Amino acid sequence: MNSFSRRDFLQTVGAASTVALGTSIVPSSARAQQATQFKLKYANNLAIAHPLNVRAKEAADAIRQETGGRVDLQIFPNGQMGTDTDMLSQVRSGAIDFLTQGGVVLSTLVPVSAINGIGFAFKDYDQVWAAMDGELGAHIRTAISKVGLVAMDKAWDNGFRHVTSSIRPVQSPADLKGLKIRVPVSPLWTSMFKAFDASPTSINFSEAYSALQTKVVDAEENPLALIETGRFYEVQKYCSLTGHIWDGFWFLGNARSWAKLPPDLRSVVAKHLNAAAMKERADVAALSTTLETQLKSHGMAFNKPDIQPFRATLQKAGFYDQWRKTYGDEAWALLEKYTQKLA
Ligand code: X2X
């Protein structure tokens, strides 16, 4: 919060309480305040309309109700608390108690957390959730627990990522050559687009829209739900259904804040957050089939490339071999347990 002005702070608090409160099951604010014992600040980088925020708000309401107002999970959506990189520092220091973040940016701190983002690894959601709810996810959560964070058991969905561009559709690997593309701050993402001879630039999500608008970059890549709720269709013409990476969001807690909660409250919080994650997964999966029509009505042009040549290009560039060495054989074997053989 240090870099925030007082005005920003008041706006943040005001906006957050709109999200956190305001439904019929919330007790009167005076009563809620009296009863609240644990105010937990939860931040994320997504628009209020994204299913993650919709379901997180439901979870906050359910938690408040089941704990008789003792636990108040306050939501700070839309990057109000700062960039992805800032929020990651805040959840480690305890300035915020919870953060949802993908393996993508989290990997700057916990390298193996990006392993699910290996290009063209997962074929479909069945493979994704088998891995993330299975041994691969458990391996990643153990690594997360070593840096002062706790990850809830159920990862939330971000989605399969697709390339959008203002200058040309991506139909074959050659179309990525020289493409100025925004990627999240993550060594794995940068390395993959470099293997395609693209020109990737790491930009935090909160700055991605303006980077596209001002043509600092011509392309970006995100799941359809983000292309819609982030209004990227206003500054991007083409959407190529590459599905090149799957990434989700870990619901991360500061380990000290988590330990301060009595065990009975901890289990209520975890129960509702994990249940909300399951609903959010279904929302995002449904959106990934309906949003194409909606984005077309905003003027986007879609194409669906054959992904085999993309995978072959990465193989030839040594991309899979390089990352297998980086992650190590144990983690790599856990990934390949759920996908086809990659390297
Ligand atoms: O930054 C992105 O592109 C986003 C919103 O998808 C992530 O959080 C990785």
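Residues numbered from 1 in each chain as written. Predicted model: local features only at pLDDT ≥ 70, side-chain atom pairs only at ≥ 80, totals over all residues. Heavy atoms only, no water.

*Asks:* Describe helix H8 (residues 187–195), listing the residues and the values that go with them.
*Replies:* H8 sits mainly inside the fold: seven of its nine residues count as buried. After H8 finishes, the residue Asp197 shows a positive phi value of roughly 60°. (Buried < 20%, exposed > 50% of the residue type's maximum accessible area, 1.4 Å probe, protein only. Helix = DSSP H or I, 4+ residues; strand = E, 2+ residues; numbered from the N terminus.)

*Asks:* Tell me about empty space enclosed by the protein, and name the residues and values.
*Replies:* Counted by the stated rule, this structure contains two cavities of 30 Å³ or more. Lining the largest cavity are 18 residues, with Asn45, Asp84, Val104, Asn158 and Phe249 positioned closest to its centre. Sorting the residues of the lining of the largest cavity by element identifies helix H4 (84–93), strand E3 (98–101), helix H5 (103–106), strand E5 (156–165) and strand E9 (238–254) as the ones contributing at least two each. Of the residues assigned to the lining of the largest cavity, the class counts are eight nonpolar, six polar and four charged. Shared between two domains, the lining of the largest cavity takes at least three residues from each, and those domains are domain 1 (6–159 + 247–286) and domain 2 (160–244 + 296–338). Volume-wise, the second largest cavity comes out at about 40 Å³. Taken together, Phe120, Val163, Val170, Leu176, Met192, Phe193, Phe196, Thr242, His244 and Phe310 make up the lining of the second largest cavity. (1 Å grid on protein atoms, 1.4 Å probe; cavity = no way out; pocket = protein on both sides within 12 Å on 5 of 7 lines; lining within 4 Å. Points joined across faces, edges and corners; volume = space filled by probe spheres on them. Nonpolar A, V, L, I, M, F, W, Y, C, P; charged D, E, K, R; others polar. Domains from an automatic or database assignment.)

*Asks:* Quick rundown of the site of the ligand? Include the residues and the values.
*Replies:* If you check the shell around the ligand, you find Asn45, Val104, Asn158, Arg161, Arg182, Pro184, Phe205, Asn222, Leu226 and Phe249 and nothing else. In this structure, an oxygen atom belonging to the ligand sits 3.0 Å away from a side-chain N or O atom of Asn158. Here an oxygen atom of the ligand and a side-chain polar atom of Arg161 are 2.9 Å apart. When each cavity is represented as a set of grid points, the ligand is found to reside in the largest cavity. Its residues assigned to classes, the shell around the ligand shows five nonpolar, three polar and two charged. If you count residues domain by domain, the shell around the ligand takes at least three from each of domain 1 (6–159 + 247–286) and domain 2 (160–244 + 296–338). (Near = heavy atom within 4 Å. Polar contact = N/O pair within 3.5 Å; in protein donor to acceptor, adjacent residues only side chain to side chain. Sits in = over half its atoms within 2 Å of the grid points.)

*Asks:* Tell me about the domain arrangement of the protein, and please be specific about residues and values.
*Replies:* Here the protein is described as being made up of domain 1 (6–159 + 247–286) and domain 2 (160–244 + 296–338). Using only C-alpha atoms to locate each centre, domain 1 and domain 2 end up separated by 25 Å. At the interface, 35 residues of domain 1 touch 35 residues of domain 2. Of the roughly 3000 Å² buried between domain 1 and domain 2, counting both surfaces, carbon and sulfur atoms make up 69%. At the junction of domain 1 and domain 2, the tally comes to one salt bridge. The residue Lys337 makes a salt bridge to Glu135 at a minimum N-O spacing of 2.2 Å. (Contact = heavy atoms within 4.5 Å. Buried area = accessible area lost by both parts, 1.4 Å probe. Salt bridge = Lys/Arg side-chain N within 4 Å of Asp/Glu carboxyl O.)

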